[in-house]
Amino acid sequence: MGTREDIVRAMQDGAEAGRRGDPPTACPHRDLLRTAWIRGYASTAPRPTEDDDA
């Protein structure tokens, strides 16, 4: 299990990867930090709008 700093860093790294356009499979982690990385990555995904349903 990672320390709090490791978790924060993994989330920041995931968000940066999302902004760069890296694929989600680029995650370098295989444990709790993977979840944090994916959460950071997902935070950069475009949010659906009401117009998306039309």
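Here the structure is a predicted model, which is why all the values come from computation and not from measurement. (Residues numbered from 1 in each chain as written. Predicted model: local features only at pLDDT ≥ 70, side-chain atom pairs only at ≥ 80, totals over all residues. Heavy atoms only, no water.)

Chemist: Which residues make up the overall build of the protein, and what are the values?
Modeler: Counting its secondary structure elements, the protein contains two helices and zero strands. Relative to the globule expectation of 10 Å for 54 residues, the C-alpha radius of gyration of the protein, 13 Å, shows a markedly less compact shape. Across its three principal directions, the C-alpha atoms of the protein cover 45 × 20 × 15 Å. Buried residues in the protein amount to 22% of all 54 residues. Partitioning the intrachain contacts of the protein with sequence separation of at least 6 by distance along the chain shows that 59% fall at a separation of at least 24. A total of about 4400 Å² of accessible surface is found on the protein, and carbon and sulfur atoms cover 52% of it. Of the charged side chains in the protein, 8 are positive and 10 negative, and the gap between their average positions amounts to 8 Å. (Helix = DSSP H or I, 4+ residues; strand = E, 2+ residues; numbered from the N terminus. Rg over C-alpha atoms; globule rule 2.2 N^0.38 Å. Buried < 20%, exposed > 50% of the residue type's maximum accessible area, 1.4 Å probe, protein only. Contact = heavy atoms within 4.5 Å. Areas by Shrake-Rupley, 256 points an atom, 1.4 Å probe, with all protein chains shown as cover. Lys, Arg positive; Asp, Glu negative; His and termini not counted. Charge placed at Lys NZ, Arg CZ, Asp CG, Glu CD.)

Chemist: Describe the pattern of salt bridges, listing the residues and the values that go with them.
Modeler: Side-chain pairing between opposite charges can occur once the charged atoms of the two side chains come close. Under the criterion given, the structure shown has three salt bridges. Here E16 ties to R19 by a salt bridge, and the two come within 3.3 Å at their closest N and O atoms. Taken together, the residues E16 and R19, both in helix α1 (residues 4-20) and three residues apart, mark about one turn of the helix. On the basis of relative accessibility, which here comes to 35%, the residue E16 falls in the partly exposed class. The salt bridge partner of R20 is D22, with a shortest N-O separation of 2.6 Å. Classification of R20 by relative accessible area gives exposed; the value is 53%. (Salt bridge = Lys/Arg side-chain N within 4 Å of Asp/Glu carboxyl O.)

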